[in-house]
Every structure is written in C-alpha cells, then in structure tokens.
Amino acid sequence: MNKLKNKVAIVTGASKGIGAAIAKYYAAEGAKVVVNYASSKDGADKIVKEITDNGGTAISLQADVSKEADVIRLFEETINVFGALDILVNNAGVYNYEPIEAVSEATITAHLNINILGPVLTIREAVKLFGDKGGNIINISSVAGKLPMATGSVYSATKAALDAITVSLSKEFGGRNIRINSILPGSVETEGTHSSGVMGSDFEKVLIANTPFGRMGQPDDIAKVALFLASDEAAWITGEKISVSGGIYGF
Ligand code: NAP
C-alpha cells in the first residue's frame, strides 16, 4: 500500500489504456498522481474519480506533450498543486501501422513530436524540479523499437530513439540520483488498440501467435512493472530497456 507514499508522479497520457493503469497502481501505493491527457477530459476525470473513490489522491491536467508551452504549464501546475515532483512516466504516444507508400508527412510529424519531442520536453522540465533528492523517469517504449515489423517503420523508429534517450540520459543523470528506464510492452489490449482496429483483426491473431503466452497483454501487466521501477525495490536499476511482452518472439 505504501511503496510510493508521499511521492508525486506525473503520468502522461493517463486518460485511458496503459497510462490509466499506471496512474491507478501508483495512487494505490500512496502516490499523488497527475493524470495527464491531451483531449479526453472525461476519460481523465473518470480515472481521477476511480482513484479518489478508492482513497487515493489525483488530479487531471490537460497538456499536449508535443507542445512546449503545454509541457511547461503541466509542470508548473503540478508544483502549484502538489509542491514537488518525484516520478515522471512518459506514456503518451501514438502508433500507426501502414505501408510506407501510405505514410503522410502529418503521420511522421505526429510520431516524432508526440513519441520523441514530448518525452524530451517533459524530461527537461522534470529534472529541473527533482532537486537534490533525485527522481525517477520511466519511458513507455515498445518492443517495436527492437523488433520492428513490416508497416511499423515510423513508429518503431520513434521507440528505438526513445530507448536511446533512456540510455544516454541514465549516464547524464546518474550523478544526480535520477534513474531512467524504458519499459517495452508487447501487444496490449487498450482503447488505442481497439480504436485503431488491431483488436479483432488478423493482425491481432498474428500478435497472439507470436507471443508464447498466447494472449494480448493487459494494461495491468505493464503497470505492475512500472510500479516496481518507480519503487525503491528498483533503486539499483537505471538505463535499462525492459521488455514486458509475454515473451514476444518478433516477426
Ligand atoms: P491509448 O489507449 O491510445 O492511449 C493513449 C494516451 O496517450 C491517451 O491518454 C491520450 O490522451 C494520450 N495522448 C496521445 N497524444 C497525446 C499528446 N500529444 N499529449 C498528451 N497525451 C497524449 O494508448 P496505449 O495503447 O495505452 O499506449 C500507451 C503507450 O504505450 C504508448 O506510448 C504506446 O506507444 C505504448 N505501447 C502500446 C502498446 C499496445 O499494444 N497498446 C504496445 C507497445 C507500446 P487523449 O485520450 O486525451 O487523447
């Protein structure tokens, strides 16, 4: 119940899916949680209500992580409300699978801006606030970064870049007691995989067939590892890229 007692955490993209599960796991362990969202205010408020109904502490804050002014405001408002910051989870992300002939400039820009620029901006603001006590950053990457599959070139490239950022910054921040790790989920059933048509498709069957456990992951599968990495139990872990994928083979 108290693994994150009195810690303050920002979870980006927590209005649904993996981010929402992480926000709930953190709050259940005593963290005060900022449930960030881009446009789904109702979704974020629902997660906040679930947390507070269970005795936890959370607020929702809108910010598009790909916009510098929004990111600066997100961190300022967090400090105004909770007075400190201990944990940042960069979960907000987009993923499109489409053949290269169909990829538009807008798709590329969205992937670069949300999946790479966003985490760089949030990390920049977070490390200003961590102070002498140090801090903890978790980047939600993807196995797609190390096992790219056909039609996922742009998405895979952004997640490989995010993992490179994780390793580089672990070296930059080690002396300041700031840990930074990547979690690489495999295929996870979320609102995103439903709305993008993965769930129920032949693609889902391929994903399951390539997973030794023979099922899609669930957001809780990822949240449990995000909780471990945020806790003191992971105090000696930094710069790691941890696959949480049911053992996915690759394609
Ligand atoms: P999801 O269900 O589509 O939810 C995405 C979340 O990100 C939403 O809360 C959304 O907020 C937020 N978001 C999107 N763009 C944003 C922006 N510019 N600024 C702030 N928030 C933004 O996603 P998911 O499936 O849970 O995936 C979450 C993360 O896990 C992503 O980084 C994804 O790449 C990674 N991942 C997912 C899978 C999978 O199979 N699901 C596998 C590997 C890795 P709004 O609702 O307000 O738009």
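See above for the structure.
Residues numbered from 1 in each chain as written. Predicted model: local features only at pLDDT ≥ 70, side-chain atom pairs only at ≥ 80, totals over all residues. Heavy atoms only, no water.

Note on sheets: strands pair through backbone hydrogen bonds, and any given pair is parallel or antiparallel. Reading across the sheet, the seven strands line up as β3-β2-β1-β4-β5-β6-β7 and stay open at both edges, with parallel pairing between neighbours. The sheet terminates laterally at β3 (57-62) and β7 (241-244), the two strands that pair on one side only. The sheet shows a mean angle of 20° between the axes of neighbouring strands, direction not considered. Note: strand β1 (residues 8-11) against strand β4 (residues 87-90), three bridges, orientation parallel. Directly across from V11, in β4, lies its bridge partner V89. With respect to the sheet, helix α1 (residues 17-28) is in contact with β1, β2 (32-37), β4, β5 (135-140) and β6 (178-185), its orientation differing from that of β1 by roughly 170°. Relative to the sheet, helix α2 (residues 41-53) contacts β2 and β3, its axis offset from that of β3 by approximately 170°. (Pairing = 2+ DSSP bridges. Helix = DSSP H or I, 4+ residues; strand = E, 2+ residues; numbered from the N terminus. Axes fitted to C-alpha atoms, helices over the stretch in contact; angles between N-to-C directions. Contact = heavy atoms within 4.5 Å.)

Taken together, 32 residues sit near the ligand, with S15, K16, S40, Y95 and T190 positioned nearest. In this structure, G13 approaches the ligand through a main-chain N or O atom, which is 3.2 Å from an oxygen atom. At 2.9 Å, a backbone N or O of I18 approaches an oxygen atom of the ligand. Coverage of the ligand by the protein amounts to 91% of the 910 Å² it exposes when considered alone. For the shell around the ligand, the secondary structure elements donating two or more residues are α1, β2, α5 (153-173) and α6 (191-195). Ranked by the residues each element gives to the shell around the ligand, the list is headed by α6, at three residues. (Near = heavy atom within 4 Å. Polar contact = N/O pair within 3.5 Å; in protein donor to acceptor, adjacent residues only side chain to side chain. Areas by Shrake-Rupley, 256 points an atom, 1.4 Å probe, with all protein chains shown as cover.)

Ranked by internal contacts, the top residues of the largest apolar core, which has 34 residues, are I22, Y26, V33 and V35. Of all the elements in the fold, those that place two or more residues in this core are β1, α1, β2, α2, β4, β5 and α8 (219-230). The dominant element in this core, judged by the number of residues it contributes, is α1, at seven residues. Residues within four places of Y26 in sequence aside, it is in contact with L4, A9, V11, A31, V33, I87, V89, I138, A226, L227 and A230. Membership of the second largest hydrophobic core comes to 23 residues, among which are V8, I10, L121 and I180. (Core = buried A, V, L, I, M, F, W, Y, C linked by side-chain atoms within 4.5 Å. Buried < 20%, exposed > 50% of the residue type's maximum accessible area, 1.4 Å probe, protein only.)

On to the packing of aromatic side chains, then. Tallied over the entire structure, the rule returns three aromatic pairs. Between the aromatic rings of Y97 and Y155, the centroid separation amounts to 5.8 Å while the plane-to-plane angle is 65°, which identifies the pairing as edge-to-face. Placement of the pair is Y97 in the loop between β4 and α4 (105-130) and Y155 in helix α5, with a sequence separation of 58 residues. Taken together, the aromatic side chains of Y95, Y97, Y155 and F203 make up a single cluster linked through ring pairs. (Phe/Tyr/Trp six-rings, centres within 6.5 Å; stacked < 30°, edge-to-face > 60°.)

Glancing now at the side chain of S66. With respect to the helices and strands, S66 occurs in the loop between β3 and α3 (68-82). Within the structure, the side chain of S66 is placed 2.7 Å from the side chain of D64, a separation counted as a polar contact. For S66, the residues in contact, after removing those within four places along its chain, are N113, I114, L117, G118 and L121.

Okay, the pattern of salt bridges next. For the structure on display, the rule yields 13 salt bridges. Among the ionic pairs, D64 bridges to K67, the shortest N-O distance being 3.8 Å. Residue D86 is joined to K133 by a salt bridge in which the shortest nitrogen-to-oxygen separation is 3.6 Å. Within this pair, whereas D86 is found in the loop between α3 and β4, its partner K133 is found in the loop between α4 and β5, the two being separated by 47 residues in sequence. Linked through salt bridges whose partners overlap, the residues forming this network are E68, R124, E125 and K128. (Salt bridge = Lys/Arg side-chain N within 4 Å of Asp/Glu carboxyl O.)

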